[in-house]
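Below, each chain spelled out in residue letters.
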Amino acid sequence: MRQQSLSSAIALLIVLSFSLTFSQAQSPTPPPPPAWGWLDQQLHRLAKSASVSSQTAAAEAAENYAAAPNATWVQSSGPETGNAFALLRRGQRLFMGTFGGLWFSDDNGENWARTTNNGLLIGRGVSALAANSTTLFLGTNFGGTGGGVYRSNDNGQTWTAINNGFPAPRSIQDFLVNGANLFAVTFNGELFGSTNNGDSWTRLTNGLPSAISVTLAGGLAFSNNALLLRNAAAATPELYRSTDNGLNWTKVEAQALLGGIPFALATSNNKVFLGSTVGLLSSENGGQTWQIASGLPPVGSNFTYAPFASGATVYTALFASAAPDAESTLYVSTDNGATWTQKMRLPFSQIIYDLLAEGPTVFLGTPGGVLRLNDNGASLEFKNKGLRSSYSSSDVAVLGNRVFVSSLGGGLWVTADSGATWRQLKNGLPYFAFVSAVSAVGNTLYTATNQPFGLYRSTDFGETWTPAGKGLPPADFNSFPTVLAANGGKLYLGFDSKGLWLSADNGENFAPVTSGLPGTAYIWSLAFRDNAVFVATNGAGAFRSMDGGNSFTAINTGLTTQTTRSLQVAGDMLFLTSGNGVYRSADSGGLWTRVLTNAAYDSIARSGGTLYVAGTGAGCYSSKDNGATWQANNDGLFGLVSRIAVSGNSVVLASQGSGVFFQPDDTSAFATVSAASFSPSAIADKTIVAAFGTALATSTAAATALPLPLTLAGTSVKVRDTNGTERPAPLFFVSAGQINYQIPAGTANGTTTVTITNGAGVSVSGVLEVRATAPAIFTTNATGAGAAAALDALRFTLGPFDAKQANGEPNIIAVFGTGLGSDATDVSGNVNASVTTRLNGVIVPTLYAGTTPGLAGLNQFNLQLPANITTGTYTLTITRGGVTSNSGTLAIK
């Protein structure tokens, strides 16, 4: 069909608004309208009138297509990032330990590949690497089965577990190897030593605190027959020294360290260097005495040095230790620390997990992958090609054909081709952004970062970001954002220990939710049904709000755990994943019943009629019968799966360590959404809706007159309601990928089955939920967000709108939508008494709410502007029966 501009379609609405009587004036009689069919096609095919990306955004963000359950998962090509915990050179081969396992490069880091089939669990984390003249050693970042310490005698081709002497396989923070002597610090706060190349281990405790931690690269060093250990577990970090291979330890007093707090260690020939808060210290007697290295700037308040070395070449970075987003400065010495040269500014601070110095070249293991410093710091570049080990469990958001994946330390990544290619989004975000949460609201993206904490907003698909979120708690290292979600014009942000925060102005300002929800709660996820808000917490159970998130009550009856994870609304059902399985409730959380009990599950999503759950220890399960039965859905998966989302015709699964997986679509599936808001939950009797799928029709056709036809191009749609009554649906438009139809009059509220039969006789079915009322506002950009489809009701002009009429009275604006309900659609009458219209959250008079004459399924809302309204753009919502529409905007001049 010929594409017409949306503005032309809205302009033609002028001639259809004349029949309504306003409190201030009667509309003049308009000229005869053009053919009804053309106008209808333009108005109700907004997705077609907009750009292809907007069409996809509206449909896909609504979980439109249903992915085929139990199809094979396909690992995507990225994101090319990952927490590079450990680095090791062995001949020509570089090794890198990440959340996704052990990787190697044979071309100096230009390309990376994962080592597989070698005795290690695929996709499980490697946190420490070390070597002596004959053997490689590897430590995992997970304990239990498959974890602990491994050894390889064939340059990493095969590995054997060597955990004799550990109480159980431990997760390893760091290694130090000195000949056949090995030392391993565990995440349990222990130090173990081996004198026989790892055949057996003994815990070393004499003189050490009960719990230790090295945390950073440079936590262990050996120099002049002395072992040094920097303990970060103490309230103030400490330095310990041993001269008998770790059997006995002595704390190095602050006086010997010249009053400085130890930060990191490095050995260079006969010297050991120690970064501290008083400067870079050096010792030539194994740490007995220390002196401040000359030739370097003095440290100021909250600054410290961190050294690393390769032979006589020593590097040190001056870090801003109390400002994690600050830049740092790199200095280089090629004469064992005698003289120093400032080389470059580093666009990050502190976040280095490991380093490998090789003369003028240095590899840095960082949260964003591998950084390579060339020519003694002349240049800096990421070297992550082939890497797919992002710790991307934080969040996934979908906006059109774009899938956004957050990464702890690797920033935010986007793919627009189902994972074939990825790009990192950086402009306006911290360099090593620990992105904890991301959410798409209409065409706006929000992301919350940790270390440093911040809330950012993007209106150009993530290309640029600006700070938002006034009123949020101050940044610190003890709490991080966990979830972002939006509903009914409100933006919600949850923290791991600071509860839930709410914004009613698109993220500009936030306030804490204090009624009924603990202020220190760990907020794991949120879900919405109309004006109801459901919250899952880690440790306090689940909560429900019936007033848009202002006040909450606990809903834990039937739960056998308070460790709740993720929530999903599926029609009248509410699902909850937890630390001991999956629960279902038929009464909005009043009573829970466990329907899957074999493991802990972190995430849940719905694609069409299929539910998916994922857990780091359980993989993925799916159900096509509302949770009555479940089946494993792990073909092609590896690593620790964690977060599920829906993107168009695929289900997306982000993992901890193995990147992102896509599961291809079921081409026989489709789903129905509101044609105005593109939400699957904004559907009432007589609503104008859109179905998206494939092979829905054999040709393209559009209705040209009222009444709407029941068949177009041989395609028909039948709607069977919850009472079992089946009715044919009136059709606006049909094509292979999209059908616009109207919910038949008389369809009962509840779960409804829709069957589409194309001209070739091929039928497909899907489900939707019909409600008594589900108001939705059409928008001019065809995404369900942005400028509302509206007219000056007296002048018949498009926005920006005058604030007042010619006589000085407040102006009247006609807004167009659908889903108001059967008693207000396609029938005469004014239901304004039951409708609440808000601008920027403030109630304004609704003069008329009801049908738009001459257009099937279209609702019209006539609102009166406030007498004192000023120039600006205002957020508009419409509420009826406790259900609030999507947000549109009105521009007032």
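Note that the structure is a prediction, hence the values are computed from the model and not measured.

1. With respect to the overall build of the protein chain
Then, number 1: A count of helices and strands for the protein chain gives 4 helices and 75 strands.
Then, number 2: The long-range fraction of contacts in the protein chain, counting pairs at least 24 apart against all pairs at least 6 apart in sequence, stands at 53%.

2. Looking at the sheet that holds strand β49 (residues 593–596)
Then, number 1: Judged by pairing direction, the sheet is antiparallel, and its 4 strands sit side by side in the order β46-β47-β48-β49 without closing on themselves. Whereas interior strands pair on both sides, the edge strands pair on one side only; in this sheet they are β46 (564–570) and β49. The sheet shows a mean angle of 30 degrees between the axes of neighbouring strands, taken without regard to direction.
Then, number 2: Here β46 runs beside strand β47 (residues 573–578); their pairing, made up of 5 bridges, is antiparallel. Within β47, the residue paired with A570 across the bridge is M573.

3. Brief notes about unusual backbone geometry
Excluding glycine, a negative phi dihedral is what most residues carry, and trans is how most peptide bonds are arranged.
Then, number 1: A cis geometry characterises the amide bond from G78 onward to P79, with omega recorded as 0 degrees.
Then, number 2: Relative to the elements of secondary structure, P79 occurs in the loop between β1 (74–75) and β2 (86–90).
Then, number 3: The omega angle of the peptide bond from G799 to P800 is 0 degrees, so this bond is cis rather than trans.
Then, number 4: Mapped onto the fold, P800 is located in the loop between β67 (790–792) and β68 (812–818).
Then, number 5: We note that N336 has phi near 65 degrees; this positive angle belongs to a residue other than glycine.
Then, number 6: Checked against the element boundaries, N336 lands in the loop between β24 (328–333) and β25 (341–346).
Then, number 7: Judged by its relative accessible area of 11%, N336 is buried.
Then, number 8: The backbone of S418 shows a phi angle near 55 degrees, a positive value even though the residue is not glycine.
Then, number 9: Positionally, S418 belongs in the loop between β32 (411–415) and β33 (423–425).
Then, number 10: Residue classification places S418 among the partly exposed positions, given a relative accessible area of 44%.

4. Details of the environment of G799
Then, number 1: When you line up the elements, G799 lands in the loop between β67 and β68.
Then, number 2: A sequence separation of 91 residues divides G799 from L890, and the C-alpha atoms of the two residues are 7.3 Å apart.

5. A look at the sheet that holds strand β29 (residues 379–382)
Then, number 1: The sheet built from 4 strands is open, its strands ordered β26-β27-β28-β29 with antiparallel pairing. Each end of this open sheet is capped by a strand with a single partner; those strands are β26 (354–358) and β29. Direction aside, neighbouring strands of the sheet carry axes that sit 15 degrees apart on average.
Then, number 2: In this sheet, strand β28 (residues 369–374) lies alongside strand β27 (residues 361–366) in antiparallel orientation, the contact comprising 5 bridges. Of the residues in β28, the one forming a bridge with T366 is G369.

6. Structural notes on the side chain of T715
Then, number 1: By the element assignment, T715 lies in the loop between β59 (701–702) and β60 (716–720).
Then, number 2: Exposure remark for T715: the relative accessible area of 0% places this residue in the buried category.
Then, number 3: Every residue in contact with T715, bar those within four places of it in the chain, is listed here: L696, A697, T698, L710, L731, V734, I739, I756, T757, N758 and G759.

7. Side note on the pattern of salt bridges
Here the idea is simple: oppositely charged side chains can pair when their charged atoms come close.
Then, number 1: Under the criterion given, the structure shown has 18 salt bridges.
Then, number 2: A salt bridge links K251 to E238, with the nearest nitrogen and oxygen atoms 3.3 Å apart. With a gap of 13 residues between them, K251 in strand β17 (residues 250–252) and E238 in strand β16 (residues 238–242) connect regions that are remote in the sequence.
Then, number 3: On the accessibility criterion, K251 (37% relative accessible area) is partly exposed.
Then, number 4: Residues K383 and E381 are paired through a salt bridge, measuring 3.6 Å at the closest nitrogen-oxygen approach.
Then, number 5: Shared partners join several salt bridges into a network, and the residues in it are E110, R372, E381 and K383.

8. Brief notes about the pairing of strand β64 (residues 750–757)
Then, number 1: Where β60 lies against β64, 5 bridges are found, and the strand directions are antiparallel. Bridging from a neighbouring strand, K718 pairs with T755 of β64.
Then, number 2: Examined bridge by bridge, β64 and strand β65 (residues 763–770) share 8 bridges and lie antiparallel to one another. In the sheet register, T753 faces β65, and the bridge partner there is V767.

9. What about the environment of N401?
Then, number 1: If you trace the backbone, N401 turns up in the loop between β30 (396–399) and β31 (402–407).
Then, number 2: Between the C-alpha atom of N401 and that of V414, which follows or precedes it by 13 residues, the distance is 9.9 Å.

10. Quick look at the side chain of S503
Then, number 1: Relative to the elements of secondary structure, S503 occurs in strand β40 (residues 500–503).
Then, number 2: On the accessibility criterion, S503 (0% relative accessible area) is buried.
Then, number 3: Within the structure, S503 has its side chain in polar contact with the backbone nitrogen of G507 (distance 2.9 Å).
Then, number 4: Here the side chain of S503 touches N509 through a polar contact of 2.9 Å, landing on its backbone oxygen.
Then, number 5: Look past the residues within four positions of S503 in its chain and what remains in contact with it is G489, K490, L491, E508, N509 and F510.

11. Thoughts on the nonpolar core
Then, number 1: Residues I813, V815, L839, L863, L876 and L890 are the most contacted members of the largest nonpolar core, which totals 23 residues.
Then, number 2: Secondary-structure elements contributing two or more residues to this core are β68, β69 (835–839), β72 (859–864), β73 (872–880) and β75 (888–892).
Then, number 3: It is β73 that provides the largest number of residues to this core, a total of 3 residues.
Then, number 4: Contact partners of I813, with chain neighbours within four places excluded, come to A790, L791, D792, A793, F801, F861, N862, L863, L865 and L890.
Then, number 5: Within the second largest apolar cluster, 22 residues are counted, among which are A684, F778, A793 and L855.

12. Here we look at the packing of aromatic side chains
Then, number 1: Summed over the entire model, instances satisfying the criterion amount to 8 aromatic pairs.
Then, number 2: Ring centres of F166 and W201 lie 5.3 Å apart, and the angle between their planes is 45 degrees; on these two criteria the pair is classed as tilted. In this pair, F166 sits in the loop between β9 (160–161) and β10 (172–178) while W201 sits in the loop between β12 (191–194) and β13 (202–203), placing the two residues 35 residues apart along the sequence. Each member of the pair F166 and W201 is classed as buried.
Then, number 3: Here the guanidinium or amino end of R93 rests over the ring plane of F104, the centre of that ring lying 4.1 Å away.
Then, number 4: The lysine or arginine in question, R402, covers the ring of F461, its NZ or CZ lying 3.8 Å from the ring centre.

13. Digging into the pairing of strand β36 (residues 454–458)
Then, number 1: Counting buried positions along β36 gives 5 out of 5 residues, so the element sits mostly inside the fold.
Then, number 2: The two faces of β36 match: G454, Y456 and S458 on one face and L455 and R457 on the other face are all buried.
Then, number 3: Of the pairings in the sheet, the one linking strand β35 (residues 444–450) to β36 comprises 5 bridges and is antiparallel in character. Paired with A448 across the two strands is L455, which belongs to β36.

14. Some details on the confidence of the model for the protein chain
Then, number 1: Counting all residues, the mean pLDDT for the protein chain is 82, and 87% of those residues have values of 70 or more.
Then, number 2: Counting contacts from residues 1–70, a segment whose pLDDT is below 50, to residues more than four positions away or on other chains yields 202 contacts.

15. Looking at the environment of A701
Then, number 1: Summarising the element assignment, A701 is placed in strand β59.
Then, number 2: Linking A701 and F732, residues 31 residues apart in sequence, is a C-alpha distance of 8.6 Å.
Then, number 3: When neighbours within four sequence positions are excluded, A701 is seen to be in contact with L712, A713, F733 and V734.

Rules of the game
- Residues numbered from 1 in each chain as written.
- Predicted model: local features only at pLDDT ≥ 70, side-chain atom pairs only at ≥ 80, totals over all residues.
- Heavy atoms only, no water.
- Helix = DSSP H or I, 4+ residues; strand = E, 2+ residues; numbered from the N terminus.
- Contact = heavy atoms within 4.5 Å.
- Pairing = 2+ DSSP bridges.
- Axes fitted to C-alpha atoms, helices over the stretch in contact; angles between N-to-C directions.
- Buried < 20%, exposed > 50% of the residue type's maximum accessible area, 1.4 Å probe, protein only.
- Salt bridge = Lys/Arg side-chain N within 4 Å of Asp/Glu carboxyl O.
- Polar contact = N/O pair within 3.5 Å; in protein donor to acceptor, adjacent residues only side chain to side chain.
- Core = buried A, V, L, I, M, F, W, Y, C linked by side-chain atoms within 4.5 Å.
- Phe/Tyr/Trp six-rings, centres within 6.5 Å; stacked < 30°, edge-to-face > 60°.
- Lys NZ or Arg CZ within 6 Å of the ring centre and 35° of its normal.
- pLDDT = per-residue confidence, 0-100.

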